[in-house]
Amino acid sequence: MMDFRKLSPQDKRRLLVDLLTRKGLTDVHSLEHLLRLGRQTSGLKDKSQFDPSKEVFLDPDIRPCSPWDETLEPKAIFLTGATGYMGRFLLFELLKSFPSRVYCLIRASSAIDAKKRIEDMMKSSLIWDPDFQHRIVPIPGNLDRPAFGLPPEKFDFLAREIDWIYHAGATVNFVYPYSALKAPNVDATREIIRLACQYRTKRLHYVSSMAVFDSLGYSGKPALEDLALQHGDSLFIGYVQTKWASDSIISLAGTRGVPISIHRPPFISCHSETGVCNTKDFVARWISGITQLGCVSNINIRMDLVPVDYLCKAIIHLSRSRTSIGKAFHYFLPQPFLSHQLVEWLTGYGYKLSVAPYDEWESGLLRTAALGVDNALHPLLGFLAARVGEENGRPLSIADMYSSERRPRYDGKNVQFELQNASIPCPSSEQLFRTYYDYLIRSGFLKPPGGAAGNPSRAHARPSF
Ligand SMILES: NC(=O)c1ccc[n+]([C@@H]2O[C@H](COP(=O)([O-])OP(=O)(O)OC[C@H]3O[C@@H](n4cnc5c(N)ncnc54)[C@H](OP(=O)(O)O)[C@@H]3O)[C@@H](O)[C@H]2O)c1
């Protein structure tokens, strides 16, 4: 039987490429075959596709055509990403906070379909109110395409009609390369700025990400809200590169006079009261994946989370503030926590979790994929197996980069300043975790300790490392 500990990092990556493109692996012998095949592949694509110096630009004619009317309360808002996890909560808060119509750009075959998609998403997240019905205006379109695939007259109509824009839509994928995500994430941002400038100037809120600092260049260094982004050349995840490029393009629009604000959330976690969360996101998968594996890596990752409802309320509050224009905002829990704390909470619930060095943990996860044993982390294998650099001749894993000692020193004083007089409650880390956990169990995504729901032997199959 193959000993996964003996595989070189290159062999693991080659194997991974094949695992990611094949299904139905049932026995270990097929692994040997895959490994042979894998040696002929070129490996996962890396950062070479992204040249930050070529990506941050705006056509010279894209600039505000008139001064922005700051006294205006918005009557019409344009929102992208409304069917997404965060977007639906942002839509909810917008509809509660303003009497406006909200035009939502949605991938759908018709306006009826688009509206149904939004309604279904909001219902499933327990935030639907039939009174919203007449104020949501669905716009079938695609961020992938110039002018979002809209006929010119429709784009023109929006450019005249809209007062404020919230751009939260993006293809969120930690495995695809930059080239696959550039159109919906970067080119679309330029189209959003074009919309913001055409006919009359619109207030523009961009949902960026704290991931723009996910490069070793920022390791241990300050990551300030008021400084231009740096270290784009040492980013290595395609999705993160697109967020870095878009964030920088929005800043550029700000220097041309577009009234922008940039909102940078860390991991967006569950609703602080209902626990409704995105079970496809990293944290939910990580919690479920380590309990399925029965093992966690010894690297202590800093878990920067923000509850989705707190985030959206904070963004809306900031939207109303004149002083938020031209600034970026970093959102955090008051006390961020480390993954070892989370592991303690999980073991407190009765999960049995051993601790292993990252390489060994990764081998165990890879082995479950090869053996066809379910694990919630499998879709993220490409991300987890990445190596982000070297230190003293040792390859650095993705977890090394997220480890508490290598994180940047973030500031969040713009958020603190803007929210000082707002009463937007934010739970403690432990409270948030308990709410998250309850929802994951209730929804069936996470098996209780002992695997009472589902098939325990399979759900908690322990790999032999
Ligand atoms: N999740 C996090 O932890 C996190 C952290 C920091 C920042 N962010 C940022 O927050 C925003 C929302 O993230 P999320 O986690 O809520 O993402 P999500 O659940 O994946 O939602 C993404 C949204 O964007 C839409 N979208 C994607 N590609 C599109 C396209 N080509 N045309 C039109 N719409 C498209 C999706 O529409 P469909 O429903 O049609 O797919 C969906 O509505 C993103 O900008 C993301 O970068 C997220």
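Model, not experiment: these values are computed from the prediction. (Residues numbered from 1 in each chain as written. Predicted model: local features only at pLDDT ≥ 70, side-chain atom pairs only at ≥ 80, totals over all residues.)

Student: Could you give an account of the site of the ligand, naming the residues involved and the relevant values?
Tutor: The immediate surroundings of the ligand are formed by 26 residues, with Thr83, Gly84, Met86, Leu143 and Ser209 found nearest. For the shell around the ligand, the element with the most residues is helix α4 (residues 85-97), which contributes three residues. (Near = placed C-beta within 6 Å. Helix = DSSP H or I, 4+ residues; strand = E, 2+ residues; numbered from the N terminus.)

Student: For helix α11 (residues 339-348), give the residues involved together with the corresponding values.
Tutor: Each α-helix winds once per 3.6 residues, and so residues spaced three or four apart point in a common direction. Buried within α11 are the following residues: Ser339, Leu342 and Leu346. Summarising the axial view, the buried residues of α11 lie within an arc of 55°, below the 170-degree limit, and thus occupy one face. Structural note: α11 exposes Glu344 and Gly348 on the side pointing more than 90 degrees away from its buried face. On its buried face, α11 is in contact with α9 (282-293), β10 (302-303), β13 (337-338) and α16 (429-442). After α11 finishes, the residue Gly350 shows a positive phi value of roughly 115°. (Buried ≥ 20, exposed ≤ 12 C-beta atoms within 10 Å, placed from the backbone. Arc of directions from axis to C-beta. Contact = placed C-beta atoms within 7 Å.)

Student: Talk me through the packing of α4 against helix α10 (residues 308-319); I want residue IDs and the actual numbers.
Tutor: Between α4 and α10, the shortest axis-to-axis distance is 9 Å and the interhelical angle comes to 50°. Between α4 and α10, the crossing angle belongs to the class labelled oblique. In this structure, α4 meets α10 at a crossing whose hand is right-handed. The residues of α10 that touch α4, namely those facing Tyr85, Met86, Phe89, Leu90, Glu93, Leu94 and Ser97, are Val308, Asp309, Cys312, Lys313, Ile315 and Ile316. A class-by-class count of the residues in the contact of α4 with α10 yields nine nonpolar, one polar and three charged. (Axes fitted to C-alpha atoms, helices over the stretch in contact; angles between N-to-C directions. Parallel < 35°, antiparallel > 145°, perpendicular 65-115°, else oblique. Left-handed = near helix turned anticlockwise from the far one by under 90°. Nonpolar A, V, L, I, M, F, W, Y, C, P; charged D, E, K, R; others polar.)

Student: Give me the sheet that holds strand β2 (residues 101-106): which residues, what numbers.
Tutor: If you walk across this open sheet you meet the seven strands as β3-β2-β1-β4-β5-β7-β12, and the pairing is parallel. Of all the strands in the sheet, just β3 (136-140) and β12 (327-330) have a single pairing partner and so form its edges. For this sheet, the mean angle separating the axes of adjacent strands, direction not counted, is 20°. Sheet analysis places strand β7 (residues 260-264) next to β12, joined by four bridges and oriented parallel. Each residue of the ladder has a partner; that of Arg264, found in β12, is His330. Docked against the sheet, helix α5 (residues 111-124) engages β2 and β3, running at close to 120° with respect to β3. (Pairing = 2+ DSSP bridges.)

Student: I'd like a rundown of unusual backbone geometry, residues and numbers included.
Tutor: Positive phi is not limited to glycine here, since Phe148 has a value of about 60°. Its location among the elements puts Phe148 in the loop between β3 and α6 (152-161). Overall, Phe148 belongs to the buried group, with 23 C-beta atoms counted inside 10 Å. Despite not being glycine, Asn392 has its phi angle at roughly 50°, a positive value. Topologically, Asn392 is positioned in the loop between β15 (387-391) and β16 (394-397).

Student: Can you explain the pairing of strand β4 (residues 164-167)? Please cite residues and give values.
Tutor: Residues Trp164 and Tyr166 point to one face of β4 and Ile165 and His167 to the other, with burial holding for every one of them. Bridge analysis of β4 against strand β5 (residues 203-207) gives four bridges, and the strand direction is parallel. Bridged to Ile165 within β5 is Leu204. Remark: the β4/helix α7 (residues 178-197)/β5 crossover connection has right-handed handedness. (Right-handed = clockwise from strand over helix to strand, strands pointing away.)

Student: An account of the nonpolar core is needed here, citing residue identities and associated values.
Tutor: By size, the foremost hydrophobic cluster in this structure holds 124 residues, and its most contacted members are Ile77, Leu79, Leu90 and Cys104. For this core, the element with the highest residue contribution is α7, accounting for nine residues. For this core, the two domains that each supply at least three residues are domain 1 (4-47 + 276-302 + 337-408 + 431-459) and domain 2 (51-274 + 305-330). Leave out the neighbours within four places in its chain, and Leu79 touches Gly87, Leu90, Leu91, Leu94, Val102, Cys104, Tyr166 and Ala168. (Core = buried A, V, L, I, M, F, W, Y, C linked by C-beta atoms within 7 Å. Domains from an automatic or database assignment.)

Student: I'd like a description of the packing of α7 against helix α8 (residues 238-255), backed by residues and values.
Tutor: A packed helix pair is summarised by two numbers, namely the angle formed by the two axes and the spacing between the axes. Packing of α7 against α8 brings their axes to within 9 Å, and their N-to-C directions diverge by 15°. Between α7 and α8, the angle is such that the two are roughly parallel. In this structure, α7 crosses over α8, and the sense of that crossing is right-handed. When α7 is examined against α8, the residues Tyr178, Ala180, Leu181, Lys182, Asn185, Val186, Thr189, Arg190 and Ile193 are found in contact with a partner set consisting of Gly238, Tyr239, Gln241, Thr242, Ala245, Ser246, Ile249, Ile250 and Ala253. By residue class, the composition of the contact of α7 with α8 is 10 nonpolar, six polar and two charged.

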